[in-house]
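Remarks on the overall topology
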Amino acid sequence: MSILNNTLKSLDERNESNDFGLSPTVQLSKQRPTLRIAVVLVIAILTVAAYFLLTDDNGDRSGTVKSTTEKPSQTAVAPNKASTEGTSIQGIESQASNTVPTATPTSGSMEGITTSPLSSEDLALRTKGVSVAEQVITNAAQDIDDEEPFRFAASTAEPQEIDTASTSAAAPTSAPSTYETNTANSSSANVASNNQSSAENTRAENTRAPNNEAVRNATQESIITRGPSTTVKPKSAEEQSEIHFAAGMKSYEFGMYQEAQKSLSLALTANAENHEARRQLAALYYGQGSSTQALSVLSDGVLLAPSNLEWRELMAKILVGENRFEEVLSIMPDNLDENALQASRSDYLILKGTSAQAVNKPRQAVSAFSAMTLLEPNNGKWWMALGINQDALDQAQQAATAYKRALSLGGLSSASAQYATARLQALQEQR
């Protein structure tokens, strides 16, 4: 290291001896920064001093607040001590009233606490002379807690007496101060007021329970004994049938044929005399290709009303369409032809006469076409049909009259006219 130092020193001396007379590019100050260090030290000292001053001020304030907050903390042991001493409530009130703090601050312990003047309500209470114990009891009675009876029951289950030895062991050996005694008395007053309010709440619950039961019983009796508010009139069978019929027709309009059949069947079940529902249901079955069900619906109508020609006529139309002429004649007896004539039911008579002529039963055909000549006397077709069937029954004179009338009225086809002319000549020659 010494060799290295000597070498560096010799290099420095060589540089100083080789001065070319030029000023250095950068002028470096050779003065030490003592002034800057002194300024920084002064600022640090001032900062530390200010910090200690503020810390001492906060300590004084915290000590004052601590002295004021230590007083309520001493009330933890006071209730036990007050319960063992058996102090009366009247004494508690007088002592509590003496311990009410005033608004004037003290010289030492109240330093740092700002005070405000009493409000008008506080001044009124102060002049009235109401004790702290009465105020606590009143406030506790006004605050109704629903859970208070349960807590009261739990508190009564705990032991109320405290062992004297444990109480004396927990108590401090020094004599209590005046503030501690007053605080203990106030705490015992609060406990007594809480117990009193709990007892009042329990009595209120006990008195409320029978009242609630009476109200409940009265409500049940009123519900049971009161009559219906509105009278519901049941619908008649006709009204129910009409409702189902309307539903069925609405379903039919929307193409819901299965629903329409169900609704129309319900309409007939409710009222079998609903002719429109029966007519529409038979037509719906026939339109769906179920002629058997259609005939069943119509035959039920014939059984309900034998003199009603409508159901027989509808059945005859279905049977004629299936060439079931014998069945047509079975449901159209001759004794109903007069009713058809009076009712002007030409279709009924035409269906019967045509079916009888198709199965070669001229007697029933004559009955039907005779009624038709009375119903439509100016129609040559019915006279022609009557003459043919009378000619089959060998009623020559009646047949000749019918042929003449048919030829005179006209309206016949050429084949029918030629046949009528030939038969008329043959019958006249037989005479």
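Counting restarts for each chain, with residues numbered from 1 along the sequence as it is written. With pLDDT at 70 or above as the cut-off, local features in this predicted model cover only qualifying residues; side-chain atom pairs require 80 or more to be listed or tallied, and sums for whole chains, interfaces and linings still use all residues. As a convention, hydrogens and water are excluded, and side-chain values are obtained from all of the structure's heavy atoms.

With that settled, consider the packing of aromatic side chains. Classification of ring pairs uses Phe, Tyr and Trp, with its six-membered ring standing for Trp, and accepts pairs whose centres are within 6.5 Å; under 30 degrees between planes counts as stacked, over 60 as edge-to-face, and the remaining range as tilted. Per the stated rule, a full pass over the model turns up 3 aromatic pairs. Centre to centre, the rings of Tyr-51 and Phe-52 are 5.8 Å apart; their planes meet at 70°, and the pair counts as edge-to-face. Of the residues examined, Tyr-51 reaches a relative accessible area of 55% and is grouped as exposed. Seen from the ring of Trp-382, Lys-381 lies directly overhead, with NZ or CZ sitting 5.3 Å from the centre. Note on exposure labels: buried denotes an accessible area under 20% of the residue type's maximum, exposed denotes more than 50%, and partly exposed covers the range between, all computed with a 1.4 Å probe on protein chains only. For a Lys NZ or an Arg CZ to count as sitting over a ring, it must be within 6 Å of the ring centre and within 35 degrees of the ring normal.

With that settled, consider the nonpolar core. Here, nonpolar core refers to any group of buried Ala, Val, Leu, Ile, Met, Phe, Trp, Tyr and Cys residues whose side-chain atoms link them within 4.5 Å. Counting residues in hydrophobic clusters, the biggest one holds 49 residues, and the most contacted among them are Met-332, Tyr-348 and Tyr-403. Top contributing element to this core by residue count: helix H14 (residues 309–321), with 6 residues. Once residues within four sequence positions are removed from consideration, Met-332 is found in contact with Arg-312, Glu-313, Ala-316, Tyr-348, Leu-351 and Lys-352. What counts as a helix is a DSSP run of H or I of at least four residues, what counts as a strand is a run of E of at least two, and both are numbered from the N terminus. A contact between two residues is defined here by any heavy atoms of the two lying within 4.5 Å.

Here the focus is helix H13 (residues 291–304). The terminal C-alpha atoms of H13 lie 20 Å apart, and with 14 residues this matches the ideal 20 Å at 1.5 Å per residue to within 8%. Within the span of H13, buried status applies to Ser-291, Ala-294, Leu-295, Val-297, Leu-298, Gly-301 and Val-302. Down the axis of H13, the sector holding all buried residues measures 160°, keeping them to one side. Away from its buried face, by an angle of more than 90 degrees, H13 presents the exposed residues Thr-292 and Leu-303. Take the residue count of a helix, subtract one, and multiply by 1.5 Å to get its expected span. Note that the arc is computed from the directions linking the helix axis to the C-beta atoms.

Take empty space enclosed by the protein next. A pocket here means an open set of points on a 1 Å grid, computed over the protein atoms alone, that has protein on both sides within 12 Å along at least five of seven lines. A cavity is instead a set of points where a 1.4 Å probe fits but cannot get out; residues with an atom within 4 Å of a point line either one. Grid points are joined across faces, edges and corners, and a volume is the space filled by probe spheres set on the points. The tally for this structure, following the rule as stated, stands at 1 cavity of 30 Å³ or more. Quantified by volume, the largest cavity comes out at close to 30 Å³. If you trace the largest cavity, you find it lined by Ala-272, Glu-273, His-275, Arg-278, Gly-301, Leu-304, Ala-305 and Trp-311. Where the lining of the largest cavity is concerned, the elements lending two or more residues are helix H12 (275–287) and H13. When residues are sorted by character, Ala, Val, Leu, Ile, Met, Phe, Trp, Tyr, Cys and Pro go into the nonpolar class, Asp, Glu, Lys and Arg into the charged class, and all the rest, Gly among them, into the polar class. Looking at side-chain class alone, the lining of the largest cavity contains 4 nonpolar, 2 polar and 2 charged residues.

It is worth spelling out unusual backbone geometry at this point. With a phi close to 60°, Asn-323 is a non-glycine residue in the positive phi region. Phi at Asp-394 takes a positive value of approximately 60°, unusual for a residue other than glycine. For Asp-394, the location among the structural elements is in the loop between helix H19 (380–392) and helix H20 (396–409).

Time to look at a nonpolar patch on the surface. Each patch is assembled from residues with relative accessible area greater than 30% and no salt bridge, linking like charges that lie within 9 Å and nonpolar side chains (Val, Leu, Ile, Met, Phe, Trp, Tyr) that lie within 5 Å. Each accessible area is a Shrake-Rupley estimate made with a 1.4 Å probe; only the visible protein chains count as cover when residues are assessed. Any Lys or Arg side-chain nitrogen found within 4 Å of a carboxyl oxygen on Asp or Glu counts as a salt bridge. A cluster of nonpolar side chains, Leu-35, Val-39 and Ile-43, forms an exposed patch at the surface whose accessible area comes to about 310 Å². Mapped onto the elements, Ile-43 comes out in helix H2 (residues 34–73). By relative accessible area, Ile-43 is classed as exposed at 51%.

Looking at the protein chain as a whole, the pLDDT averages 73, with 54% of positions reaching at least 70. Contacts from residues 19–28, a stretch scored under 50 in pLDDT, to residues over four places away or in other chains number 0 contacts. For every residue, the predictor reports its confidence as pLDDT, a number between 0 and 100. Contacts for the low-pLDDT stretch residues 157–184, under 50 throughout, to residues beyond four places or in other chains number 19 contacts.

Assignment of secondary structure puts Arg-278 in helix H12. Although buried, Arg-278 forms no salt bridge, and the nearest oppositely charged side chain, Asp-300, lies 4.7 Å from it. Looking at Arg-278, its side chain comes within polar contact range of the main-chain oxygen of Ala-272, at 3.1 Å. When residues no more than four places from it in sequence are discounted, the contact partners of Arg-278 are Leu-268, Ala-272, Val-297, Asp-300, Gly-301, Leu-304 and Trp-311. Charged-residue counts in this description rest on Lys and Arg as positive and Asp and Glu as negative, His and the chain ends being excluded. Any pair of nitrogen or oxygen atoms within 3.5 Å is treated as a polar contact; in protein, a donor-acceptor pairing is required on top of that, and neighbouring residues in sequence qualify only through side-chain atoms on both sides.

Once that is clear, we can look at the side chain of Gln-261. Mapping Gln-261 onto the fold places it in helix H11 (residues 257–270). In this structure Gln-261 touches Leu-281, Leu-284, Tyr-285 and Gln-288, once residues within four positions along its chain are discounted.

To continue, consider the packing of H12 against H13. Note on geometry: axes are lines fitted to C-alpha atoms, helical ones only across the stretch in contact, with angles between N-to-C directions running from 0 to 180 degrees. It is the contact of H12 with H13, at a shortest axis distance of 7 Å, that shows an interaxial angle of 160°. It follows that H12 is roughly antiparallel to H13 by the angle criterion. When the axes of H12 and H13 are compared, the crossing they make is left-handed. Where H12 abuts H13, its residues Arg-278, Leu-281, Ala-282, Tyr-285 and Tyr-286 lie against Ser-291, Gln-293, Ala-294, Val-297, Leu-298, Asp-300, Gly-301 and Leu-304. Considering only residue class, the contact of H12 with H13 consists of 8 nonpolar, 3 polar and 2 charged. Small angles under 35 degrees read as roughly parallel and large ones over 145 as roughly antiparallel, with 65 to 115 read as roughly perpendicular and the rest as oblique. Two helices cross in a left-handed way if the nearer one is turned anticlockwise from the farther one by less than a right angle. They cross in a right-handed way if the turn is clockwise.

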